[in-house]
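Below, each chain spelled out in residue letters.
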Amino acid sequence: MNTQTTKYAFEASLPVMFGYVPLGMAFGVLFQDLGYGWYFATMMGIFVFAGAAQFMAVGLLAAHAGLLEVAVSTLVLNSRHMFFGLSLLTRYHAVGLKKFYLIFGLTDETYSLITASHPPPGEDEQNYYFYLTALNHFYWVVGCTLGALLGASVEFDSRGMDFALTALFMVLLIEQWKKIKNPTPFIIAFGCAVGAMWFFPDKMLLVAIALSTAILFGLKPVVDKNK
Amino acid sequence: MNDNIYLLSIIAVMTVATFATRAFPFVALKGKGGHPLMDYIGRYMPPAVMTILVLYSMKNVDIFNAPFGANEFIALGITTAVHLWKENSLLSIFSATAFYMAALQYGLFA
């Protein structure tokens, strides 16, 4: 364990803590309403580690949905993650269990941090990615557990705290802008996002990400020229 | 079916399905890291995804009725301004979040 890299990863991950703990708690509170033991919420946080899918699961569990239905809904909801991996093929060159874990923990927020931030000079970036993933995972599990344990008795008014994730995406967007200095990918994504929000509000993320990826591939000669 | 066994099978199915979506490109395109096309997408997809995530996390904001998303837009403006000014991510995020929580809970623009 490298303290310098850990410290960097911890600082970079703090905004995610302020997003994941209240969101995980919101999930835990809903989950314990189903009547299952709190430790099952912890288990879901540990093994599933997917925010939107876990919220969806609460509804499916309440309706006593079948396994196949749950499998298909999870695949559809999380299919955007396929595009994340596509852009990390070069970046993730760790091997073995470490790579397995990096892929397992690839949430929206982890992806955002990993593609925008860097470890301190001279430190191993694969280790840095590993710590970032593990810290985010930890925050999520803590949130899920606390929510399920405390249930509806939570007194603290955390409304609005999850804006930390919106602000994090905004900051990382600015960082990407400084790094890329080419408006094309931003304009493509903006158009796709607005279009997807209008025509496919329920599938906005997937449609917007898939469409921008396709357009980016198609416009490679143009984008490369503007470098 | 016993309720706990039902829940455990649901968790197992979700774990496998979620991991499958995350692992798919790494398995399907094994050994393609470093390919110019993958480097290209690795460079230009993060800015696109970040743009989409910002808009996605704002998707429940009602811009057609009062207060027209004022809380959210001011908070985003604070993040941007503080970040361009101080270049300190934590400061940019916390100042905007603090403002947003206060605005929401005390009904600044309700």
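Residues numbered from 1 in each chain as written. Chains lettered and ligands numbered in written order. Predicted model: local features only at pLDDT ≥ 70, side-chain atom pairs only at ≥ 80, totals over all residues.

## With respect to the overall build of chain B
What chain B contains, in helices and strands, is four helices and zero strands. Counted from the first residue to the last, chain B has its helices and strands arranged as α-α-α-α. Oriented by its inertia axes, the alpha-carbon framework of chain B measures out at about 50 × 50 × 30 Å. (Helix = DSSP H or I, 4+ residues; strand = E, 2+ residues; numbered from the N terminus.)

## Here we look at the overall build of chain A
A count of helical and extended segments in chain A gives 12 helices and zero strands. Ordered by position from N to C terminus, the α and β elements of chain A give α-α-α-α-α-α-α-α-α-α-α-α. In summary, chain A has a C-alpha radius of gyration of 19 Å against a globular reference of 17 Å for 227 residues, a match within 12%. For chain A, the spread of C-alpha atoms along the principal axes amounts to about 60 × 45 × 35 Å. Here chain A holds 227 residues, and 49% of them are scored as buried. Once local pairs closer than 6 in sequence are excluded, the contacts in chain A between residues at least 24 apart make up 80%. (Rg over C-alpha atoms; globule rule 2.2 N^0.38 Å. Buried ≥ 20, exposed ≤ 12 C-beta atoms within 10 Å, placed from the backbone. Contact = placed C-beta atoms within 7 Å.)

## Points about the domain arrangement of chain B
Taken domain by domain, chain B holds domain 1 (1-30), domain 2 (31-60) and domain 3 (61-110). Spacing between the C-alpha centres of domain 1 of chain B and domain 2 of chain B amounts to 24 Å. (Domains from an automatic or database assignment.)

## Here we look at the interface of chain B and chain A
Think of interface size as the accessible area that goes away when the parts come together; that is how it is often given. Across the contact, 57 residues belong to chain B and 75 residues belong to chain A. Going through the elements one at a time, helix H1 (3-28), helix H2 (36-57), helix H3 (70-86) and helix H4 (89-105) of chain B are the ones with two or more residues in the side of chain B that touches chain A. With 19 residues, the top contributor of residues to the side of chain B that touches chain A is H2 of chain B. Considering only residue class, the side of chain B that touches chain A consists of 37 nonpolar, 16 polar and four charged. (Nonpolar A, V, L, I, M, F, W, Y, C, P; charged D, E, K, R; others polar.)

## A look at the packing of helix H10 (residues 184-199) of chain A against helix H11 (residues 204-218) of chain A
Residues and elements named next belong to chain A. Between H10 and H11, whose axes approach to 8 Å, the crossing angle comes to 145°. For the pair H10 and H11, the sense of crossing is right-handed. Contacts between H10 and H11 involve Pro185, Ile188, Ala189, Cys192, Ala193, Ala196 and Met197 on the former and, on the latter, Met204, Val207, Ala208, Leu211, Ser212, Ile215 and Leu216. Looking at the contact of H10 with H11, its residues break down into 13 nonpolar, one polar and no charged. (Axes fitted to C-alpha atoms, helices over the stretch in contact; angles between N-to-C directions. Left-handed = near helix turned anticlockwise from the far one by under 90°.)

## Some thoughts on helix H2 (residues 38-47) of chain A
Looking at H2 of chain A, one finds that the buried residues are Phe40, Ala41, Met44 and Gly45 of chain A. Summarising the axial view, the buried residues of H2 of chain A lie within an arc of 145°, below the 170-degree limit, and thus occupy one face. Contact partners of the buried residues in H2 of chain A: helix H1 (3-32), helix H3 (51-62) and helix H8 (125-150) of chain A together with H1 of chain B. Just past H2 of chain A, the residue Phe49 of chain A takes up positive phi, approximately 45°. (Arc of directions from axis to C-beta.)

## Points about H1 of chain B
Between the first and last C-alpha of H1 of chain B there are 37 Å, a value that for 26 residues agrees with the 38 Å anticipated at 1.5 Å per step. Remark: the principal bend of H1 of chain B, roughly 45°, maps to Arg22 of chain B, with a proline, Pro25 of chain B, within the next four residues. Burial in H1 of chain B covers these residues: Ile10, Ile11, Val13, Met14, Thr15, Ala17, Thr18, Phe19, Thr21, Arg22, Pro25 and Phe26 of chain B. Turning to H1 of chain B, the residues buried within the fold contact H2, H3, helix H4 (67-78), helix H5 (81-86) and helix H6 (96-104) of chain A. (Expected span 1.5 Å × (residues − 1). Bend = angle between axes of the 7 residues up to and from the residue.)

## What to know about the environment of Val223 of chain A
Within the secondary structure layout, Val223 of chain A lies in helix H12 (residues 220-225). What Val223 of chain A contacts, discounting residues up to four positions off in sequence, is Asn182, Thr184, Pro185 and Leu216 of chain A together with Tyr44 of chain B.

## Details of the confidence of the model for chain A
Confidence in the prediction for chain A averages 91 pLDDT; 97% of positions are at 70 or higher. Across chain A, H2 of chain A holds the top mean pLDDT of 97, while H12 of chain A sits lowest at 84. (pLDDT = per-residue confidence, 0-100.)

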